[in-house]
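Single-letter residue listing:
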Protein chains: 2
Amino acid sequence: MNISPRKPLPLASSLTQRYGGQSPKISSLPVNAVIESILDHRSVRGYLPDKLSPSTLETLIATGQSAPTSSNLQTWTVIAVEDTDRKARLSILAGDQAHIRECPTFLVFIADLSRIDRIAQAHSEVAEGNRYLEMFLMAAIDAALAAQNIVVAAESMGLGTVYIGAMRNRPEEVAAELALPPDAFAVFGLCVGHPDPARLSGIRPRLAQSTILHREQYDSAAEVAAVADYDRAMGEFQIQQGMKAIDWTRQTIKRVGTPDALMGRHRLVEALKNLGFGLK
Amino acid sequence: MNISPRKPLPLASSLTQRYGGQSPKISSLPVNAVIESILDHRSVRGYLPDKLSPSTLETLIATGQSAPTSSNLQTWTVIAVEDTDRKARLSILAGDQAHIRECPTFLVFIADLSRIDRIAQAHSEVAEGNRYLEMFLMAAIDAALAAQNIVVAAESMGLGTVYIGAMRNRPEEVAAELALPPDAFAVFGLCVGHPDPARLSGIRPRLAQSTILHREQYDSAAEVAAVADYDRAMGEFQIQQGMKAIDWTRQTIKRVGTPDALMGRHRLVEALKNLGFGLK
């Protein structure tokens, strides 16, 4: 199958949609194909049945490995799941999300300290640093940087992606399904495939840039007004997309209001310890 | 100043350099400007004194905000530091890295749960979920996804970047310097600026793709041979770059061999609790 990417929106349109009318003042746009492609991002939850073309996965992984990695330790691994039954089992473990079954390739990103454990062991040494929260965090960040390169590269080829944070809902069962060794944790998943154009969403608005970008020191002065504007912008977006309009503020408070709202992830410390991490 | 980006290497050369001769078999390369730019990545530790052109920072932040964010919670903030004295103080807190002083714009990425705390409080609610490790991890991942979009976008404009993990060496002092509220943590920094062409490094080799990409389940069978090959490839790269040749295996074991080797980050749990995080 030939890859014929959807042309990204012109940059000014992307920005208007992204900021819901609160677009930052950008006088002379440093435009190029990379920036246009990045600004045009939307998550894809509806896929066509077509498999990835030959060499696509290898190229995507090469882009992932081209991301920076802390101290060049490369503390991540990615497992490409294409088996129908395994995708179905993983989708059940992740809140029964249909797009995990639908996408041809489901990538599971592993925060992986086990490789260094094995290397140290082969030299009769102990990777004592791996017992600390710092190294777990570093591995999760390494995985995230690699994954985001893959997202940008995939979108430039006309493919769609969506992250699956719900890989963290039932970590021990995911680890068993993927035969993970100790000190390895499925930090998130990523669906990759050809987007179904009939189910492609618009560009989701984000908070005003003044809320996210601060100068010299932290400054939340502009926040209250920006959040009110954003609730309106998200409401308009949801109606436009045929979704139920719930304001962002209310949804956000609900999403982190109670331990139960974390969908199993309130027991992350216990799960990570069961998987061998020290978290000291 | 006009932006005239260095042209990325042809894709086949990037791949050969990245994999040090162990390049994955890619039969029909899905080439485009985005993938070429990503594969050409190298971290930049030498900067020219020129400032960023107008609108560059705003465009970069827009690419960061275009990255996916878990449940659209947007649990990150970025502080752009351009003040000479503040950059100097931050460089001291991060192991005295000269490039933090040298780059015109130093971005500090904040894993930021404080915004949701404030929003909940304004509605007389409590964001109890923020007390859990899961939410800290989510915030760190959100920051990493946004940052990597910014890295890719910056490189496409001909700018250089390098991540500064050492922002985590002395977290309470960094938080004080940036006036961070409770539940906000500087997870890493990012130097951004115009690379000094005289100090531009080559493409750093990575582990063979077979080590990082597994199929269906975790499988480290190819690892021992791949690591030995990699030690050789890194040795050649270091000599070529005029660096001291130390094999990767030895360097890696040393880097995580003891708590002290974590450069202060062995006390990350204590530091995060001092900064208000629950980590339950």
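Residues numbered from 1 in each chain as written. Chains lettered and ligands numbered in written order. Predicted model: local features only at pLDDT ≥ 70, side-chain atom pairs only at ≥ 80, totals over all residues. Heavy atoms only, no water.

S.K.: What should I look at first to understand the relation of the copies chain B and chain A in this one?
M.R.: Both copies of the chain are related by one operation, a rotation about an axis with a shift along it. Structural alignment of chain B on chain A gives an RMSD of 0.0 Å, achieved by rotating through 180 degrees and translating 0.0 Å along the axis. Taken together, the rotation angle and the small translation identify this as a two-fold axis. Among all residues of chain B, the one whose C-alpha sits closest to the rotation axis is B:V34, at a distance of 2.6 Å. Taken as a fraction of all interface residues of chain B, those also at the interface in chain A reach 100%, which identifies the copy contact as same-surface. (Least-squares fit on C-alpha atoms with pLDDT ≥ 70 in both. Contact = heavy atoms within 4.5 Å.)

S.K.: Sorry if this is basic, but what is going on with unusual backbone geometry here?
M.R.: Most peptide bonds take the trans form, and the phi angle of most residues other than glycine is negative. Residues other than glycine seldom take positive phi values, yet A:D96 does so here, at roughly 55 degrees. Position of A:D96 relative to the elements: it lies in the loop between α4 (84–93) and α5 (98–102). One non-glycine residue, B:S71, adopts positive backbone phi at about 50 degrees. Overall, the relative accessible area of 42% leaves B:S71 in the partly exposed class. (Helix = DSSP H or I, 4+ residues; strand = E, 2+ residues; numbered from the N terminus. Buried < 20%, exposed > 50% of the residue type's maximum accessible area, 1.4 Å probe, protein only.)

S.K.: Explanation requested: the nonpolar core in the structure shown.
M.R.: Within soluble globular proteins, side chains that are nonpolar tend to cluster in buried spots. Judged by nonpolar contacts, the single largest core of 184 residues is most densely connected at A:F106, A:F109, A:V187, B:F106, B:F109 and B:V187. Other than its neighbours up to four places away in sequence, A:F109 contacts A:W76, A:T77, A:V78, A:A143, A:A147, A:I150, A:F185, A:A186, A:V187, A:F188 and A:L190. (Core = buried A, V, L, I, M, F, W, Y, C linked by side-chain atoms within 4.5 Å.)

S.K.: Where do I start with the packing of aromatic side chains in this structure?
M.R.: Think of a pair of aromatic rings as described by two things: how far the centres are apart, and how the planes are tilted against each other in angle. Tallying each qualifying case throughout the model produces 12 aromatic pairs over all chains. On the numbers, 6.2 Å between centres and 20 degrees between planes, the contact of A:W76 with A:F109 is stacked. Pair noted here: A:W76 is in strand β1 (residues 76–81) and A:F109 is in strand β2 (residues 105–112), with a separation of 33 residues, a long-range link. Residue A:W76 shares its accessibility class with A:F109, and that shared class is buried. Taking the centre distance of 5.4 Å and the plane angle of 40 degrees together, the rings of B:F109 and B:F188 count as tilted. Taken together, the residues span a long stretch of sequence, with B:F109 in strand β2 (residues 105–112) and B:F188 in strand β4 (residues 184–193) at a distance of 79 residues. (Phe/Tyr/Trp six-rings, centres within 6.5 Å; stacked < 30°, edge-to-face > 60°.)

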